[in-house]
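Residue-level structure breakdown
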Amino acid sequence: MKLLFKRKSGGSAGQVDLDRLPRHIAIILDGNGRWAQRRGLPRTAGHKAGAETFRTIATYCRDIGLEYLTVYAFSTENWKRSRDEVSTIMALLKKYLLEAIETMERDNVRLRFMGDLAPLDQELRDLIAQCNAISERLTGCLCSICINYGGRAEIVHAAARFAEDCRIGLMRPEELTEAGFEAYLYSAGIPSPELLIRPGGEQRLSNFLLWQCAYAEFYFTPVLWPDFTKEELHRAIAAYQHRDRRFGGVKK
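Attention here is on the structure that accompanies the text. Given the structure is predicted, the values throughout are model-derived calculations rather than measurements. (Residues numbered from 1 in each chain as written. Predicted model: local features only at pLDDT ≥ 70, side-chain atom pairs only at ≥ 80, totals over all residues. Heavy atoms only, no water.)

Quick word on the overall build of the protein
As a reminder of what qualifies: We count a stretch as a helix when DSSP gives it H or I for four or more residues in a row; a strand needs E for two or more, and each element gets its number in order from the N terminus. The globule rule used here is 2.2 Å times the number of residues to the 0.38 power, and the radius of gyration it is set against is calculated over C-alpha atoms. Burial classes follow relative accessibility: with a 1.4 Å probe on protein chains only, a residue under 20% of its type's maximum area counts as buried, one over 50% as exposed, and anything between as partly exposed. Asp and Glu are treated as the negative residues and Lys and Arg as the positive ones, with His and the ends of the chain left uncounted. Where a charge lies is defined by one atom per residue type, namely NZ (Lys), CZ (Arg), CG (Asp) and CD (Glu).
Within the protein one finds seven helices and eight strands. The C-alpha radius of gyration of the protein comes to 19 Å, within 12% of the 18 Å expected for a compact globule of 252 residues. In terms of overall dimensions, the protein has C-alpha extents of about 65 × 55 × 35 Å along its principal axes. Sorting the 252 residues of the protein into buried and exposed places 48% on the buried side. Distance between charge centroids for the protein: 6 Å, based on 36 positive and 32 negative side chains.

Quick word on the packing of helix 3 (residues 83-107) against helix 4 (residues 122-135)
Note the following rule: Helix axes are fitted only over the stretch in contact, all axes being lines through C-alpha atoms; the angle between N-to-C directions runs from 0 to 180 degrees. To sort the angles, those under 35 degrees are grouped as roughly parallel, those over 145 as roughly antiparallel, those from 65 to 115 as roughly perpendicular, and the leftovers as oblique. Crossing handedness: left-handed means the near helix sits turned counterclockwise from the far one by under a right angle, and right-handed means the same turn made clockwise. When checking whether two residues touch, look at their non-hydrogen atoms; a contact exists if any pair is within 4.5 Å. Gly is put with the polar residues, along with every residue not named as nonpolar or charged; the nonpolar set is Ala, Val, Leu, Ile, Met, Phe, Trp, Tyr, Cys and Pro, and the charged set is Asp, Glu, Lys and Arg.
Two numbers describe how helix 3 lies on helix 4: the axes approach to 10 Å, and their chain directions differ by 25°. The angle between the axes of helix 3 and helix 4 places the two elements in the roughly parallel class. Like other packed secondary-structure pairs, helix 3 and helix 4 cross with a definite hand, here left-handed. On helix 4, the residues that touch Met-90, Leu-93, Lys-94, Leu-97, Leu-98, Ala-100, Ile-101, Met-104 and Glu-105 of helix 3 are Glu-123, Leu-124, Leu-127, Ile-128, Gln-130, Cys-131, Ile-134 and Ser-135. The residue inventory of the contact of helix 3 with helix 4, partitioned by class, reads twelve nonpolar, two polar and three charged.

So, the nonpolar core
Condition: What we call a nonpolar core is a set of buried Ala, Val, Leu, Ile, Met, Phe, Trp, Tyr and Cys residues that are connected through their side-chain atoms within 4.5 Å.
With 48 residues, the main nonpolar core has Ile-25, Ile-27, Leu-69, Leu-111, Ile-145, Ile-197 and Leu-233 as its most contacted residues. For this core, the leading source of residues is helix 3, giving nine residues. With sequence-adjacent residues up to four places away left out, Ile-145 is seen in contact with Phe-54, Val-71, Ala-73, Tyr-96, Leu-111, Arg-112, Phe-113 and Met-114. In terms of nonpolar packing, the next biggest core, distinct from the first, is built from twelve residues, Ala-26, Tyr-186, Leu-196 and Phe-208 among them.

Topic: the packing of aromatic side chains
Here is the rule: Stacked, tilted and edge-to-face pairs are distinguished by plane angle, under 30 degrees for stacked and over 60 for edge-to-face with tilted covering the rest, among Phe, Tyr and Trp rings (Trp via its six-membered ring) whose centres lie within 6.5 Å.
As enumerated under the stated definition, the model contains ten aromatic pairs in all. With centroids separated by 5.7 Å and ring planes inclined at 80°, the aromatic side chains of Phe-162 and Tyr-184 adopt a geometry described as edge-to-face. Here Tyr-184 lies in the loop between helix 6 (178-182) and strand 7 (195-198) and Phe-162 lies in helix 5 (residues 151-167), a separation of 22 residues in the sequence. Taken together, the ring pairs connect Tyr-72, Tyr-149, Tyr-186 and Phe-208 into an aromatic cluster.

Description of the sheet that holds strand 5 (residues 110-114)
Strand pairing in a sheet is mediated by backbone hydrogen bonds. Such pairs are either parallel or antiparallel. As a reminder, the rule being used: Pairing between two strands requires that DSSP report at least two bridges joining them.
Taken in spatial order, the six strands make up an open sheet running 5-6-4-3-7-8, and their pairing is parallel. Each edge of the open sheet is held by one strand with a lone partner, namely strand 5 and strand 8 (217-220). Each strand of the sheet is rotated relative to its neighbour by a mean of 20°, with strand direction disregarded. Strand direction decides the pairing type here: strand 7 and strand 8, joined by four bridges, are parallel. Bridge assignment links Ile-197 to a residue of strand 8, and that residue is Tyr-219.

A short note on the pattern of salt bridges
Spelled out, the test is: By convention in these notes, a salt bridge is any Lys or Arg side-chain nitrogen within 4 Å of a carboxyl oxygen on Asp or Glu.
Counted according to the given criterion, the structure contains 21 salt bridges. Across the pair Asp-30 and Arg-198 runs a salt bridge whose closest N-O atoms are separated by 3.0 Å. In this pair, Asp-30 sits in the loop between strand 3 (24-28) and helix 1 (32-37) while Arg-198 sits in strand 7, placing the two residues 168 residues apart along the sequence. Like Asp-30, the residue Arg-198 is buried in the burial classification. Put simply, Asp-63 and Arg-62 hold a salt bridge, and the shortest N to O gap is 2.6 Å. Residue classification places Arg-62 among the partly exposed residues on the basis of a relative accessible area of 26%. Three or more residues joined by partner-sharing salt bridges are found here, namely Glu-52, Arg-55, Lys-95 and Glu-99.

Quick look at unusual backbone geometry
One non-glycine residue, Ser-206, adopts positive backbone phi at about 55°. Note on placement: Ser-206 falls in the loop between strand 7 and strand 8. Judged by relative accessible area, which is 27%, Ser-206 ranks as partly exposed. Non-glycine residue Leu-209 carries a positive phi angle of around 50°.

Overview of empty space enclosed by the protein
For clarity, the cut-off: Think of a 1 Å grid over just the protein atoms. A cavity is a set of points where a 1.4 Å probe fits yet cannot get out, a pocket is an open set with protein on both sides within 12 Å along at least five of seven lines, and lining residues have an atom within 4 Å of a point. Grid points are joined across faces, edges and corners, and a volume is the space filled by probe spheres set on the points.
Within this structure, the stated rule accounts for one cavity of 30 Å³ or more. In this model, the largest cavity occupies a volume close to 40 Å³. Lining the largest cavity we find His-24, Thr-70, Met-114, Ser-187, Ile-190, Pro-191, Ser-192, Pro-193, Leu-209 and Gln-212. Residues belonging to the lining of the largest cavity are distributed by class as follows: five nonpolar, five polar and no charged.

Below, the structure written as structure tokens:
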């Protein structure tokens, strides 16, 4: 099945072949604050708008048959923001978790949370635990939400876990392989993203999935996250489908 889409200008932008979707798409949810400021609104209004965009895009990814979606929602550095902004983000997370608990089984969408969850308040951790328990019974699209996440911190955490297994005799240093190391990451069991999308105009990883994105295709767009639409997702997937992915080799 193929899906046609057009640019906002009305010209043809190509085709998305739904039979050749990437298995895993990662998205950096960037631009909420700037979206609000350009409208003379508080930054918190941008996060609320961005939460609705996430709901729309995540649902659409499920509908088109995507297997894995990972989003960068709150980094380890985001604690530096104002108390009001951080409180709003956490309140939105709580609202989303409560809704998810009611709808996950109906929609057959699994949730997974990646990052150091210890600093979150107990109520949020309890809701996350409920979502994890429900996800174990489901088989649908897996949406991973990165909260208090940093790529370097993830690698250090994985290395510490491996070192501890060596200390207690479960592993030996010389046994470590790339595949074995991946088992210690937050993303254990999930294939690496083939496509990384970053809205908002910035062109950097910002400490997101540093290990996992070693061979991901990057798609950058100036569209701010609250304005990110299904059509923009189509453009990103179409761009991916036209890439020549050689993984360091040469195609004959």
